[in-house]
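# Coordinate analysis (summary)
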Amino acid sequence: MIRVRFVKGILWFLVGLAAAVTIFRFLKGLGTVTALTDTTPWGLWIGFDVLGGVALAAGGFVIAATVYIFHLKKYEPILRPAVLTACLGYAAVVGGLMFDIGIPWNIWRPMFFWQEHSALFEVAWCVMLYFTVLQLEFLPVILEKFKHPLSQTAYKILKFFTLPLVILGIMLSTLHQSSLGTLFLIMPHRLHPLWYSPIIPLHFFVSAIGLGLTMVITESLVSSWIYKKHLEKDLLSGLAKAAAIVLWAYAAIKVADLAATGKLHYLFAGTWESNLFLFELLISAILPAALFSSAKARQSTGGLAAGAGLAVFGFVLNRIAVSGLATISATQTDYFPSWTEFAISIGIVSAAGLAFFFLVENFYVYDEPRAEKRDKYEIVSPDPVGGIRLHWSSLADARLYSLLFVVALALGIALMPNIVTGVTPERIEVEKARRVDAFRSKSDASPLYLYALYNPDEHDNPEAGEVAEMLLIDGDRNNKFVLFDHGTHEKNNGGPESCGMCHHMNKPLDKATSCYECHTDMFLTTDTFQHEYHREKLKEQGGCVKCHKDPAEPKTRETATACGECHKNMRVPNSFVKVEEADQTGIAPGYMNVMHKLCIECHKQKQEEKVELAPDLARCAACHQGLDESMLMVVEPYPQPQSMSLLTQR
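Below is a short write-up of the structure. Please read these numbers as outputs of a predicted model, since none were measured by experiment. (Residues numbered from 1 in each chain as written. Predicted model: local features only at pLDDT ≥ 70, side-chain atom pairs only at ≥ 80, totals over all residues. Heavy atoms only, no water.)

### Remarks on the overall build of the chain
Helix and strand content of the chain: 24 helices and six strands. Scored against the burial criterion, the 650 residues of the chain give a buried share of 43%. In the chain, 72% of the contacts between residues at least 6 apart in sequence involve partners at least 24 apart. In the form shown here, the chain has an accessible surface area of approximately 34700 Å², with 63% of it arising from carbon and sulfur atoms. (Helix = DSSP H or I, 4+ residues; strand = E, 2+ residues; numbered from the N terminus. Buried < 20%, exposed > 50% of the residue type's maximum accessible area, 1.4 Å probe, protein only. Contact = heavy atoms within 4.5 Å. Areas by Shrake-Rupley, 256 points an atom, 1.4 Å probe, with all protein chains shown as cover.)

Structure follows, in structure tokens:
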């Protein structure tokens, strides 16, 4: 039992580490424990836990079909562990989703708010239904151990419906495996051409069959090693032979698909994507298929382990690549999972492994419960002289595992960054909006103007747009900018008298103060009040008591004289942004939030006045239009002599 104890000890330690991260995930949110961003919202948890977990669980429906549909009864001894592995795999998928969904308590919504045209809707229903079917398929294994009449009745009912459940499971699993591929059909411009294909659902389905067979082989090898039980080599050899056919077919489909869609040249482009694709195809399909094609390799434990291990690793890598690695070129991101993401993924797998151990040790998953011959939980009598317990009991196991769990939990909490304050956004100073030349055009397809940067080096103007001066708003200079047609906004809202609509506060002796002068940080709330400046300016007029009039009160912002009492003209009357006198505290929210709030709320109001603009005007794309970001690298502050000269020539 040393092997079992050793493996369980490692798993309990990993679960403890994941438990620490879990606390922070649900208390502090995704940003605390992941490296995910708005540009890369899918990371390791989707690639490994969800897509990989579903694929790894394919062994359940493959072996069930082999036994019940094709009547190959000799594979019945490995049916229960295969179904159990599939059931635990789907439980891991659900667990992974709970971590990855931003608002996890809304996971029930697909049951009542149907979105029939969404690929995710089909995925959600397939997960729910197939997970339920798998539990019903495995439930007789648990019920047969209990002699209560109610348990026996439920057992007989479930056994009676075994075949319909198997057929339903095969149907749902087929739908689910392929629908996960369907999910990526809607992102042809995000997925690298080597992975994107109009038949990607077929890729997912065929690879799931291959992975299901190799996963059953892997599970049998691992459980045989841990429990030192007899290895059903003849059965595994038969599965390996079938896996070879499936894996060769998968490799042929992938290559033929690339040839048919004219993408073979990507295969040998020498890029890291082409190298990754070749590596993935080699270890997931070609090498395992070649190994399993050899009768000698199929009959050896080493050959089975090498082929199955390569295939399992290769197909999990495929799912991670499709959901993340193959999108890096399109998104230009450098996402790499944080250690906490790894901890959660490994912790979920470890928890599933512990559940597997519990079930095989206490129920007839194999020919007999693996723990039948173990000592029960009993306290061994200590030595009467030394008081030392010399016998290792099951109670000692429980103590050891508890200790490892608690140590890992404490270690995980200690390693968490910003354990007390949480993650604080990095301070990013806001830059002034630049004036640039831009095209303004309008099409029949949209009631809104389309904007594009005017490139003085390119004289094309495909939309026949009008060249106009605009503000290029890019506060943090990350090239995700907005072209703001200041002139048209001013004209449509009443000319110069409309400035106050947006410029709701004026600095002393200023007019139409720009947004960036007060909202000086992209995300953080900042203090606009300059205490030292005021103290210096007011020292001839009484100093501190000018603002802190009551010496009995503490000198705080709350007890100080309101800014508006001295600066009476700071607030702009009739502004769209309503600032009450009590709100003049010198605290300015982050730039991004206030810009969004102002523009979106104003656009919502405008589209009520002009119904022909609804709903496009209040959508993100009304301002964040697809622009050539590379142009920003060469754009200079307006006016540009070169562009002005070209503008004059037009």
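Moving on from the model shown.
### What about the nonpolar core?
Burial of nonpolar side chains together is a common tendency in soluble globular proteins. Counting 101 residues, the largest nonpolar core has F184, W195, I217 and L239 as its most contacted members. Excluding anything up to four places from it in sequence, F184 contacts W42, L51, L191, Y196, I200, F204, V322 and S323. Counting residues in each nonpolar core, the second largest holds 11 residues, with F24, W45, F99 and M416 among its members. (Core = buried A, V, L, I, M, F, W, Y, C linked by side-chain atoms within 4.5 Å.)

### Considerations on unusual backbone geometry
Put simply, A614 and P615 share a cis peptide bond, and its omega is -5°. Here P615 shows up in the loop between α22 (591-609) and α23 (629-632). One non-glycine residue, K228, lies in positive phi territory at about 55°. Turning to its location among the elements, K228 is positioned in the loop between α9 (200-227) and α10 (233-260). Residue class for K228 comes out exposed when judged on its relative accessible area of 64%.

### Some thoughts on the packing of aromatic side chains
Two aromatic rings are characterised by how far apart their centres lie and by the angle between their planes. For the structure on display, the rule yields 18 aromatic pairs. Aromatic pair F26 and F99: ring centres 5.3 Å apart, planes at 50°, arrangement tilted. You can see F26 sitting in helix α1 (residues 2-28) and its partner F99 sitting in helix α5 (residues 79-100), a full 73 residues away along the chain. Exposure remark for F26: the relative accessible area of 37% places this residue in the partly exposed category. Residue F99 is classed as buried on the basis of its relative accessible area, which comes to 11%. Pairing W195 with F277 gives two aromatic rings, centres 5.4 Å apart and planes at 80°, and the pair type is edge-to-face. Of this pair, W195 sits in the loop between α8 (162-182) and α9 while F277 sits in helix α12 (residues 272-292); the two residues are 82 residues apart in sequence, bridging distant segments of the chain. (Phe/Tyr/Trp six-rings, centres within 6.5 Å; stacked < 30°, edge-to-face > 60°.)

### What to know about the packing of helix α7 (residues 149-160) against α8
One way to put it is that α7 packs onto α8 with a least axis distance of 4 Å and a crossing angle of 55°. It follows from the interaxial angle that α7 and α8 lie oblique. Here L158, K159 and F160 of α7 lie close against α8, whose contacting residues are T162, P164 and L165. Class assignment for the residues of the contact of α7 with α8 results in four nonpolar, one polar and one charged. (Axes fitted to C-alpha atoms, helices over the stretch in contact; angles between N-to-C directions. Parallel < 35°, antiparallel > 145°, perpendicular 65-115°, else oblique. Nonpolar A, V, L, I, M, F, W, Y, C, P; charged D, E, K, R; others polar.)

### Some thoughts on the sheet that holds strand β2 (residues 449-453)
Taken together, the four strands give an open sheet; going across it, the order is β2-β1-β3-β4, and neighbouring strands pair in antiparallel fashion. Of all the strands in the sheet, the pair left with one neighbour each is β2 and β4 (482-484). Put simply, the sheet's adjacent strands are angled 50° from each other on average, direction ignored. Sheet analysis places strand β1 (residues 434-442) next to strand β3 (residues 466-473), joined by seven bridges and oriented antiparallel. Bridge pairing links R440 to E466 in β3. (Pairing = 2+ DSSP bridges.)

### Some words on the pairing of β3
Taken together, the three bridges between β3 and β4 define a ladder with antiparallel strand orientation. Bridging from a neighbouring strand, I473 pairs with V482 of β4.

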